[in-house]
Amino acid sequence: MEIDIKVLEEAVVLFYRSETKQQAHQWLQAVQVSPQAWQFCWELMHPDKSCEVQFFGATTLHSKLLKYWHEVPKENHQELKEKILEAIVAFGGGPKLVLNRLCIAFSAFIVHMLDQWPTAIEDVTNTFQNQQLPNLSVNTQVWIMMEILGGIPEEANAIYTSVQRAMLRQEITKRTGFILSTIDNYLCVKCDSPMLEEAETASMLRAVKCGGLWLKNGHPMDSCLKFAETLLKLVNKCYWSCVQGDGCMTADENELAEVCLETLSFIMIQPDAHRFPNTALVMIRMFLDSLTEIIKAEWRENNLNEDIAVGIYTLLIASIESQSRLLLSGIATDNSQHRELYTRLIEEILQCTNKPGIYPVEESCSILAMGFWYMLQDEVLSIDSDQERNKCLEMIRPLYAHLSKVLVRKAQQPNEVSIERWSADDLETFRCYRQDISDTLMYCYDVLHENLLEIFAVLLDEGIIAVQRDQMNWPQLESVIYSMCSIAEHINVTENKVIPKLMHTLSEIPYENLNEKLLGTGLETIGSYCEWFKENPTYLPPAIDLLVKGLNSPMASQATLGLKELTRECQMQMKVYAEPLLKACEQSLHGGHLKNAESVRLMYSIGRLMSMLTSDKIPSCLDSMVSPCFEELQLITQNRTQNEAAKIRTLFRLNMVSTLYSSLNTRSVQQENTDTTNSQPVLLVMEKTMPIFRQIGEMWIDDTQIIEALCNSLKYAVTNLMNDSKPMLPDLCCLIVSIFQTKCVCPAMDIAKTCIIMFYNDGDLHSKMHQLLVEIIMYNIRHFEQIPETNFSDAADLLESFYGLNSQIVRKLPAAYSRGDVDCVKLIHFALKAIVLPESGPVKYGTQFLSHFIMQSRQFPNMNTTVIERGGQIIQTTLMCIGSLTPRTQVEVFADIFLSINKKYPQELIVWMKILATPQFPTTCVSDSEKNAFMNTIIREKVNKRIIQGQVREFSAKCRGLVEKI
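Residues numbered from 1 in each chain as written. Predicted model: local features only at pLDDT ≥ 70, side-chain atom pairs only at ≥ 80, totals over all residues. Heavy atoms only, no water.

## Here's the deal with helix H42 (residues 895-904)
Move 1: Burial runs high along H42: seven of the 10 residues are buried.
Move 2: Close packing links the buried residues of H42 with helix H40 (840-857), helix H41 (861-885), helix H43 (906-912), helix H44 (928-940) and helix H45 (945-959). (Buried < 20%, exposed > 50% of the residue type's maximum accessible area, 1.4 Å probe, protein only. Helix = DSSP H or I, 4+ residues; strand = E, 2+ residues; numbered from the N terminus. Contact = heavy atoms within 4.5 Å.)

## Description of the environment of Tyr-529
Move 1: Residue position: Tyr-529 is located in the loop between helix H24 (516-528) and helix H25 (530-535).
Move 2: Sequence spacing of Tyr-529 and Met-484 is 45 residues, and the spatial spacing of their C-alpha atoms is 9.8 Å.
Move 3: Those residues in contact with Tyr-529, other than ones at most four positions away along the chain, are Met-484, Cys-485, Ile-487, Ala-488, Ile-491, Ile-499, Leu-502 and Met-503.
Move 4: In terms of polar contacts, Tyr-529 uses its side chain to reach the backbone carbonyl oxygen of Met-484, at 2.6 Å. (Polar contact = N/O pair within 3.5 Å; in protein donor to acceptor, adjacent residues only side chain to side chain.)

## Some thoughts on the pattern of salt bridges
Move 1: Applying the stated criterion across every chain yields a total of 36 salt bridges.
Move 2: Of the charged contacts, one joins Lys-355 and Glu-306 as a salt bridge, the two residues approaching to 3.0 Å between their closest N and O atoms. In this pair, Lys-355 is assigned in the loop between helix H17 (336-353) and helix H18 (370-381) and Glu-306 in helix H15 (residues 306-322), connecting sequence segments 49 residues apart.
Move 3: Judged by its relative accessible area of 0%, Lys-355 falls in the buried class.
Move 4: Among the ionic pairs, Glu-954 bridges to Lys-958, the shortest N-O distance being 3.2 Å. Of this pair, Glu-954 and Lys-958 both sit in helix H45, four residues apart, which is roughly one turn of the helix.
Move 5: Salt bridges sharing partners connect three or more residues here, namely Arg-285, Asp-289, Glu-340 and Arg-344. (Salt bridge = Lys/Arg side-chain N within 4 Å of Asp/Glu carboxyl O.)

## Quick notes on the layout of surface pockets
A probe as big as a water molecule, rolled over the atoms, marks out the empty space that is left.
Move 1: Of the voids in this model, the largest pocket is the one considered here, and its volume is about 600 Å³.
Move 2: Along the wall of the largest pocket there are 22 residues; nearest its centre are Arg-431, Arg-434, Tyr-482, Thr-521 and Glu-524.
Move 3: For the lining of the largest pocket, the secondary-structure elements that each account for two or more residues are helix H20 (424-448), helix H22 (474-486) and H24.
Move 4: Ranked by the residues each element gives to the lining of the largest pocket, the list is headed by H20, at eight residues.
Move 5: Its residues placed into classes, the lining of the largest pocket shows seven nonpolar, eight polar and seven charged. (1 Å grid on protein atoms, 1.4 Å probe; cavity = no way out; pocket = protein on both sides within 12 Å on 5 of 7 lines; lining within 4 Å. Points joined across faces, edges and corners; volume = space filled by probe spheres on them. Nonpolar A, V, L, I, M, F, W, Y, C, P; charged D, E, K, R; others polar.)

## As for empty space enclosed by the protein
Move 1: Counting across every chain of the model gives two cavities of 30 Å³ or more.
Move 2: Contributing elements (two or more residues each) for the lining of the largest cavity: helix H14 (277-298), helix H16 (324-331) and H17.
Move 3: Here the lining of the largest cavity gets four residues from one element, more than from any other, and that element is H17.
Move 4: When its residues are assigned to classes, the lining of the largest cavity shows eight nonpolar, one polar and no charged.
Move 5: Along its surface, the second largest cavity is lined by Met-503, Leu-506, Ser-507, Ile-526, Tyr-539, Pro-542, Ala-543 and Leu-546.
Move 6: Every element with two or more residues in the lining of the second largest cavity is listed here: helix H23 (498-508) and helix H26 (540-551).
Move 7: The class makeup of the residues in the lining of the second largest cavity is seven nonpolar, one polar and no charged.

## Regarding helix H35 (residues 729-742)
Move 1: Between the first and last C-alpha of H35 there are 20 Å, a value that for 14 residues agrees with the 20 Å anticipated at 1.5 Å per step.
Move 2: Where H35 is concerned, the buried positions are Leu-729, Leu-732, Cys-733, Leu-735, Ile-736, Val-737, Ser-738, Ile-739 and Phe-740.
Move 3: Where H35 is buried, its residues touch helix H33 (681-699), helix H34 (704-721), helix H36 (746-759) and helix H37 (766-785). (Expected span 1.5 Å × (residues − 1).)

## So, the side chain of Ser-658
Move 1: As for its placement among the helices and strands, Ser-658 is situated in helix H31 (residues 644-663).
Move 2: By relative accessible area, which is 5% here, Ser-658 ends up buried.
Move 3: Discounting residues that sit within four places of it in the chain, Ser-658 has contacts with Ala-709, Asn-712, Ser-713 and Tyr-716.

## Things to note about the packing of H18 against H20
Move 1: Interaxial distance between H18 and H20 falls to 10 Å at its minimum, and their mutual angle equals 20°. On the basis of the axis angle, H18 is roughly parallel to H20. The two elements H18 and H20 cross, and the hand of that crossing is left-handed. Every residue of H20 that contacts H18 at Met-370, Trp-373, Tyr-374, Gln-377 and Leu-381 is listed here: Tyr-433, Asp-436, Ile-437, Thr-440, Tyr-443, Asp-446 and Val-447. (Axes fitted to C-alpha atoms, helices over the stretch in contact; angles between N-to-C directions. Parallel < 35°, antiparallel > 145°, perpendicular 65-115°, else oblique. Left-handed = near helix turned anticlockwise from the far one by under 90°.)

## Structural notes on the packing of aromatic side chains
Move 1: With the rule as written, the count across this model stands at 21 aromatic pairs.
Move 2: Ring centres of Phe-372 and Trp-373 lie 4.9 Å apart, and the angle between their planes is 70°; on these two criteria the pair is classed as edge-to-face. For the pair shown, Phe-372 and Trp-373 are each scored as buried.
Move 3: A centroid spacing of 5.0 Å and a plane angle of 80° characterise the contact between Phe-802 and Tyr-803, whose relative ring orientation is edge-to-face. Per residue, the accessibility class of Phe-802 equals that of Tyr-803, and both read buried.
Move 4: A network of ring pairs unites the aromatic residues Phe-784, Phe-792, Phe-802, Tyr-803, Phe-830, Phe-849 and Phe-853 as a single cluster. (Phe/Tyr/Trp six-rings, centres within 6.5 Å; stacked < 30°, edge-to-face > 60°.)

## Observations concerning the confidence of the model for the chain
Move 1: Per-residue confidence for the chain gives a mean pLDDT of 90; residues scoring 70 or more make up 96%.
Move 2: Mean pLDDT across the elements of the chain ranges from a minimum in helix H32 (residues 666-672), with 61, to a maximum in H22, with 97. (pLDDT = per-residue confidence, 0-100.)

## Here we look at the packing of H17 against H18
Move 1: Contact geometry of H17 with H18 gives a least axis separation of 10 Å together with a crossing angle of 135°. Taken together, the axes of H17 and H18 are oblique relative to one another. Crossing handedness for the pair H17 and H18: left-handed. Touching Ile-346, Ile-349, Leu-350 and Thr-353 of H17 are Phe-372, Trp-373 and Leu-376, all from H18.
Move 2: When grouped by side-chain class, the residues that make up the contact of H17 with H18 number six nonpolar, one polar and no charged.

## Focus: the side chain of Thr-182
Move 1: Among the secondary structure elements, Thr-182 is positioned in helix H10 (residues 176-192).
Move 2: Here Thr-182 falls in the buried class, since its relative accessible area comes to 6%.
Move 3: A distance of 2.9 Å separates a polar atom in the side chain of Thr-182 from the backbone oxygen of Phe-178.
Move 4: In this view, Thr-182 contacts Thr-125, Gln-129 and Met-145; residues no more than four positions away in its chain are not counted.

## A closer look at the environment of Ile-346
Move 1: Mapped onto the elements of the fold, Ile-346 is located in helix H17.
Move 2: Owing to a relative accessible area of 6%, Ile-346 belongs among the buried residues under this scheme.
Move 3: Put simply, Ile-346 and Thr-878 are 532 residues apart on the chain and 60 Å apart in space, counted from C-alpha to C-alpha.
Move 4: Among all residues touching Ile-346, those that are not within four sequence positions of it are Leu-327, Phe-372, Trp-373, Leu-376 and Leu-399.

## Description of the state of the cysteines
Move 1: Scanning the entire structure with this criterion turns up zero disulfides.
Move 2: Sulfur of Cys-41: no disulfide; nearest cysteine sulfur belongs to Cys-103 and is 15 Å away.
Move 3: Cys-41 sits in the buried class, given a relative accessible area of 0%.
Move 4: The thiol of Cys-432 is not disulfide-bonded; the next cysteine sulfur, from Cys-485, is found 17 Å away.
Move 5: Judged by its relative accessible area of 35%, Cys-432 is partly exposed. (Disulfide = S-S within 2.5 Å.)

In structure tokens:
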């Protein structure tokens, strides 16, 4: 491959400056891997070349060193080293992009040379430390040295080498002490200087980053104390020098302090940190002694240096999370020093959570400690010894009591004045933050139990007083209600002190004078305490009144959610309120102010409430609720309107009907009342509306969303009605068949499966259900026959649904396939098409169908004949899937096929497995002895599925040239 440098330069410029870069990218990639790249990379780095060309030259050199070191003759190693160093010196003045790439290239060179040049790291350090390079400033030389040293551990993990990675990493780790000592000596000198110059800051930043990169590989913590002390000095120097000025750290100072804190975290979280508990205590004490004054100075809202506060808190939390057992021992220790350290550390983390201001606009620290509070209580509650656990719980209860008060305050929403400077992203971040607070309050409950309710009761009184004093204080009351809502699932239904007080408060709040968010939280709280209401129904009337008020407010979403929870859990308790509540729901439903999702959700509550009406009242109520739905659907179908607006309205109305069908069930209420004489109202609706459903199916057959919504409606109706759905089944079957006559779709398959499984053995409906099955199979097979061999993945969803249906039916109703009107041969044929696809769904359900079919086949002659005829093909295809076609993560499913054949056709299996004697089958990677061993295990094992799965997994790995242990 001949490479013209001019053409190469043009390609590089085209790649970096043109929008159409794909072709240039592919060509440049090919050029980079060519052997000539070792020569032309130097030409591209000539001083008169453009920056893009120089960068490409340096990148090419790095790429070659990374992957093609074997192309460099041993006698050229010294020359290559000198050329790289010369290039580094030449680019010492920039561009920095090129210099950086050259430094990393030299890092890769050093890693490759460690066996031949064992003192490489020390020699390079000496070269740059003693300022032996001309035309480079001291700071530039330090920067280059740190860039090279920092690249070594990263390149050791990336280079292509014949040396084992573990051995290489071990060689690198041996030199960590030397690197940290070098960096520490340099930083100590700079820390003692009165001021930090801008050029020095860049070199120091690079030095600290270099130390962090080496520490990631691990280093004994007790050998890091001196380095940690220096980093802490540097953090303080960066911070306090700025405070003496305008109080705001520069970007460079801020980044340097941040990297120092991050590097300290690396020391604390390294994998073997638990081996140094005493050193960890010393380190944590150093952190507290050195950094708490900075935290105190920044402990205010809208502080100027929030980033350093975040960095310090992150370090403290990381330190204690990596030493959780050490923390636990400090809770109840008799050692005064350990106890004092634990107390100081916990106080700082509590202060982190209690940072003044509202997250995330006025502060960004408080979220950091949420995980810590979970960890602490989890560690305590998981202590095996009851005595020790109870002792620790007693110690941390005051802490969590204080924490709960802090969290309630931090959950306060911004009021009408402060929210004006909040963006949409800020509001979403705050919503997630409140959810974290909600989770943490549940952890508080695990520690405090009923004591937390007592704390909330006091805060609730304070919130009420605050709102009475000034309506702008509504966030204080809202946050208490939100907090009580958060722990609802933990509250015992027999609680009769604080929760009644909460419910009374919710009913007495003058919402019309306060922010609507307070009403929204109140409505959500009503729904959250639905289980409590079930055991305390006397509190239902005011709760229902509040929900009705919410339905006609901007908080209708929370109202419909709350009402749904209440009607789901307290259906019988709400019977006496059903009629007036239904009227209120109807008014809201027809009022036009509800969003589509809210209307759909409200239909669930309507169905639950309507189920409790007497049979003479249901028809008129049902008519008033659903007539608008069917009138609109009928109008759309009559006008044949098929635009986006009509689609949205059709989906909306179908979803409303589906929700009603799923919740309107008089049978459950009748059973509780021992009255089973009334017919199901859903049946009355279905009998009248089936023609509309059929028209919708015909009109929207090409729209999967609408067909799915339509089929869901029918499925909910059938599963709701159960045996009562018999009168509508003929029309339903006609609708399903009409859909399949036009287009085979997955949703129709699901409703068909439900009907067939439920009613196939019913004497009156048997022939109808069998005909439905036959026609579904016929239409789908006809569809599959029209698909080109290479395009079956396009029908993956349909194959998955089709064989999902058939696998269920052949397992539960195998006689359905025995009458000769189902083409079992074609069913097997397309099941084999399904299992060779890369998609997991067809593989799973195709395999299930085959194994169930085989297991049932001995009972029925036509099924038995099909397996005898196609068994060899089933085994051959299965082996091909295991060998190469199916992703290795999915091959275990084929164990079912082997087991089913071995149980029902053991002699035939021996014959069919001889396909493995075919040379190079299923792949060239597996030997004859390995194939024989696999075959013998499959033939021998008839029961243990786990053994077969292990053999299939191992055989699949061998077929692909991989190694896997069972």
